[in-house]
Amino acid sequence: RELLEALKKLLQQGHDFADLTPQMLAKAAGISRPTFYFYFESKYQALGAALLEVQTAMQEHADILFKGAHEDPLQELQQALQGVLATWQAEKLLMRAFVQGAASDAKLWQQLEAFVGSFIPPTAHSIVEIHKSQGRNTDSRAAIELATALLWGNERNLYRATVSDFKSKDWRNLLQTITAIWA
């Protein structure tokens with residue numbers, strides 16, 4: 001736990017994840033370098049572990065849509081997206097490190113793919129159910145393709161917002177834009 005808090009602290013202090021070393025993480029956590037390697041094989045694995053809580057929080061917000069009654073699908077969609085965006089925004093330094101780290105580490109990339117991918121089946125199911133409630137018929141394969149495009153589009157837009165250091169107004173505009181695209 002100390003290692004994960006040390007990682008967050010170093011990112012908050014302005015360190016770029018690419019420049020962090022296991023020795024820096026160990027020192028910030030008040031442990032030895034061998035102790036770091038007892039728990040993690042790399043800084044990427046430490047980052048992946050730090051993200052599990054964030055991923056769980058995002059999943060809980062998305063469940064508003066996934067487990068909703070679809071009586072007011074637009075409201076459920078907006079609530080779910082608002083929660084996901086708020087979580088990303090609150091953990092933006094960790095999320096930026098995650099996306100950047102995934103470009104350099106195959107295991108972290110697999111974790112990012114699995115994370116985004118975990119939303120695809122329930123999103124596709126929600127699309128089919130919402131379309132049914134609107135009297136529209138959507139093929140499940142088309143719903144999967146649409147869900148994939150929407151979710152990876154979200155990831156890219158959230159990453160762009162993080163790197164661009166969006167202000168509160170910009171995050172609200174992003175929420176409105178993403179909601180409009182999903183609707």
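Conventions and cut-offs
- Residues numbered from 1 in each chain as written.
- Predicted model: local features only at pLDDT ≥ 70, side-chain atom pairs only at ≥ 80, totals over all residues.
- Heavy atoms only, no water.
- Buried < 20%, exposed > 50% of the residue type's maximum accessible area, 1.4 Å probe, protein only.
- Helix = DSSP H or I, 4+ residues; strand = E, 2+ residues; numbered from the N terminus.
- Arc of directions from axis to C-beta.
- Contact = heavy atoms within 4.5 Å.
- Polar contact = N/O pair within 3.5 Å; in protein donor to acceptor, adjacent residues only side chain to side chain.
- Axes fitted to C-alpha atoms, helices over the stretch in contact; angles between N-to-C directions.
- Parallel < 35°, antiparallel > 145°, perpendicular 65-115°, else oblique.
- Nonpolar A, V, L, I, M, F, W, Y, C, P; charged D, E, K, R; others polar.

Participant: Quick one: what's the story with helix α1 (residues 2-12), residue by residue and with numbers?
Facilitator: Within the span of α1, buried status applies to L3, L4, A6, L7, L10 and L11. All buried residues of α1 lie within an arc of 160 degrees about the axis, which places them on one face of the element. Across from the buried face of α1, at angles greater than 90 degrees, the exposed residues are E2 and Q12. Where α1 is buried, its residues contact α2 (22-29), α3 (33-39), α4 (43-66) and α6 (92-102). Note on α1: the residue one or two positions beyond its end, G14, has a positive phi of about 100 degrees.

Participant: Can you tell me about the side chain of Q111, naming the residues and giving the values?
Facilitator: Position of Q111 among the secondary structure elements: in helix α7 (residues 106-133). Within the structure, Q111 has its side chain in polar contact with the backbone oxygen of G48 (distance 3.0 Å).

Participant: Please set out unusual backbone geometry residue by residue, giving values where relevant.
Facilitator: For D165, which is not glycine, the phi dihedral falls at a positive 55 degrees. With respect to the helices, strands and loops of the structure, D165 is situated in the loop between α8 (140-163) and α9 (168-182). Residue D165 is classed as partly exposed on the basis of its relative accessible area of 41%.

Participant: Break down the packing of α4 against α7 for me, with residues and values.
Facilitator: Running from amino to carboxyl end, α4 crosses α7 at an angle of 5 degrees, the nearest separation of the two axes being 10 Å. By the angle class used here, α4 and α7 are roughly parallel. Contacts between α4 and α7 pair Y44, L47, G48, L51, L52, Q55, M58, Q59, A62, L65 and F66 from the former with L108, Q111, F115, S118, F119, P122, T123, S126 and I130 from the latter. Partitioning the contact of α4 with α7 into residue classes produces 13 nonpolar, seven polar and no charged.

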